[in-house]
Amino acid sequence: MTFRIAGGAIIAATALITASPALAGWDGFIKSNISQFGEPVRFEMEFDSNGYRLKDKTYNVPIEYRAEVSGVGRKLKAIDVNVQTTLYGPGRYAGVRRQLDQKAAWGKTVLPLRLAHLAPMAAAGKAACAKHGGASVKHVQVKLPLQMRVTFADGRKTREFTKDANVPAVFVCAAQPSRKTVDLQLEKLKVYTLPAKPACGEPVRMVAEFWTNKPGTVSFQYVRGDGEKQNALVTTEKVNGGYAKRWGKTYTFSQSESRKYMVVVNGHKASSNWVPIDVNCG
């Protein structure tokens, strides 16, 4: 046990751990006031796109407490309680009794704890639900670790001592919404030549442009007017305006030529119109 003196100094008091109140001069306790068959404190963990978070509301925590001091010049000043966790640190103090001027104080009360008081439990709940949560509501049994801080006057000095307790609690992890799988869909298909009017002896490129609803692979057939076919595929990727990919094939004709091409997309019931290549070398 440690005691704090106003001004921040810390004095070790290991010998007082087993001392009686009469010998030590101060003592007390804090404990859960939930009955054997009572409901534990239910921490509601909501789920959104950022994961789990503690619902913003008041959580009522029933406790029983007692604090007392003895000796000349000693009187209680205040009793406060906060959440104390090993992994996630302490929460903000909630006042139980303030402006005391007496030797002893005791009672039963309900702590109305908000997010600021429960910040450590919010972090613990996020981790617990991330591990155990799923498609259905999950309950994770835990203990709410509380620490009572008793501040008292000792002559002209101000001292304090602490007592710990665990209150039964449960994280109620909300069900995570099911993630629907969206099938790849072809949204737009364009086939054209570059340049639009091919010239004799100059390269001309037949271009197929695929637009989809998400990144994915599109399989297709490149068909010539005489029935000749070529199988090919592209993988669309993020671009301005959606997901797209271009595929092309370049030709150079040194004599007059007239042919046509089209693209037939496999599995999407889509095809382009015939696109001609007419080159006049006369």
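Right above here is the structure, for reference.
A few points on the structure. (Residues numbered from 1 in each chain as written. Predicted model: local features only at pLDDT ≥ 70, side-chain atom pairs only at ≥ 80, totals over all residues. Heavy atoms only, no water.)

Assigned secondary structure in the protein chain consists of 2 helices and 20 strands. For the protein chain, whose C-alpha radius of gyration is 37 Å, the value lies well above the compact-globule estimate of 19 Å for 282 residues. Over its C-alpha atoms, taken along the principal directions, the protein chain stretches across nearly 120 × 45 × 30 Å. Taken over 282 residues, the protein chain has a buried fraction of 38%. (Helix = DSSP H or I, 4+ residues; strand = E, 2+ residues; numbered from the N terminus. Rg over C-alpha atoms; globule rule 2.2 N^0.38 Å. Buried < 20%, exposed > 50% of the residue type's maximum accessible area, 1.4 Å probe, protein only.)

This part takes up the pattern of salt bridges. Taken as a whole and judged by the stated rule, the model has 17 salt bridges. Here Arg66 ties to Glu68 by a salt bridge, and the two come within 3.3 Å at their closest N and O atoms. On the accessibility criterion, Glu68 (26% relative accessible area) is partly exposed. Shared partners join several salt bridges into a network, and the residues in it are Glu44, Lys55 and Lys57. (Salt bridge = Lys/Arg side-chain N within 4 Å of Asp/Glu carboxyl O.)

Judged by pairing direction, the sheet is antiparallel, and its 3 strands sit side by side in the order β3-β6-β10 without closing on themselves. In the strand order of this sheet, the two ends are held by β3 (26-32) and β10 (104-113), each with one partner. Ignoring which end each strand starts from, the neighbouring axes of this sheet average 20 degrees apart. Of the strand pairs in this sheet, β3 and strand β6 (residues 59-69) are connected by 7 bridges, and their pairing is antiparallel. Paired with Gly28 across the bridge in β6 is Ala67. (Pairing = 2+ DSSP bridges. Axes fitted to C-alpha atoms, helices over the stretch in contact; angles between N-to-C directions.)

Attention shifts here to the state of the cysteines. Taken as a whole and assessed by the stated rule, the structure comprises 2 disulfides. Put simply, Cys129 and Cys173 are joined by a disulfide, and their sulfur atoms are 2.0 Å apart. Residues Cys129 and Cys173 are joined by a disulfide whose S-S torsion is about -80 degrees; by sign, that bridge is left-handed. Taken together, the residues span a long stretch of sequence, with Cys129 in helix α2 (residues 119-132) and Cys173 in strand β12 (residues 157-173) at a distance of 44 residues. Residue Cys129 is classed as buried on the basis of its relative accessible area of 0%. A sulfur-sulfur separation of 2.0 Å characterises the disulfide bridge that pairs Cys200 with Cys281. Of note, the bridge from Cys200 to Cys281 carries an S-S torsion of about 105 degrees and is right-handed in sense. Taken together, the residues span a long stretch of sequence, with Cys200 in the loop between β13 (186-194) and β14 (203-212) and Cys281 in the segment after β20 (275-279) at a distance of 81 residues. For Cys200, a relative accessible area of 33% puts it in the partly exposed group. In the protein chain, the cysteines engaged in disulfides, taken in order along the sequence, are linked 1-2, 3-4. (Disulfide = S-S within 2.5 Å.)

Counted under the stated rule, the structure contains 11 aromatic pairs. Measuring from centroid to centroid gives 4.7 Å for Phe210 and Phe220, while their planes differ by 40 degrees, and the two rings are tilted. Note that Phe210 is positioned in strand β14 and Phe220 in strand β15 (residues 216-224), a separation of 10 residues in sequence. As far as burial versus exposure is concerned, Phe210 and Phe220 are alike and both buried. Cluster of aromatic residues (ring-pair linked, three or more members): Phe210, Phe220, Tyr222, Trp247, Tyr251, Phe253 and Tyr261. The lysine or arginine in question, Arg259, covers the ring of Tyr251, its NZ or CZ lying 5.8 Å from the ring centre. (Phe/Tyr/Trp six-rings, centres within 6.5 Å; stacked < 30°, edge-to-face > 60°. Lys NZ or Arg CZ within 6 Å of the ring centre and 35° of its normal.)

Ranked by size, the top nonpolar core spans 41 residues in total, and within it Phe43, Val61, Ile79, Leu118, Leu144, Leu146 and Phe171 carry the most contacts. Among the nonpolar cores identified, the runner-up in size contains 21 residues, and Leu189, Phe210, Phe220 and Val279 belong to it. (Core = buried A, V, L, I, M, F, W, Y, C linked by side-chain atoms within 4.5 Å.)

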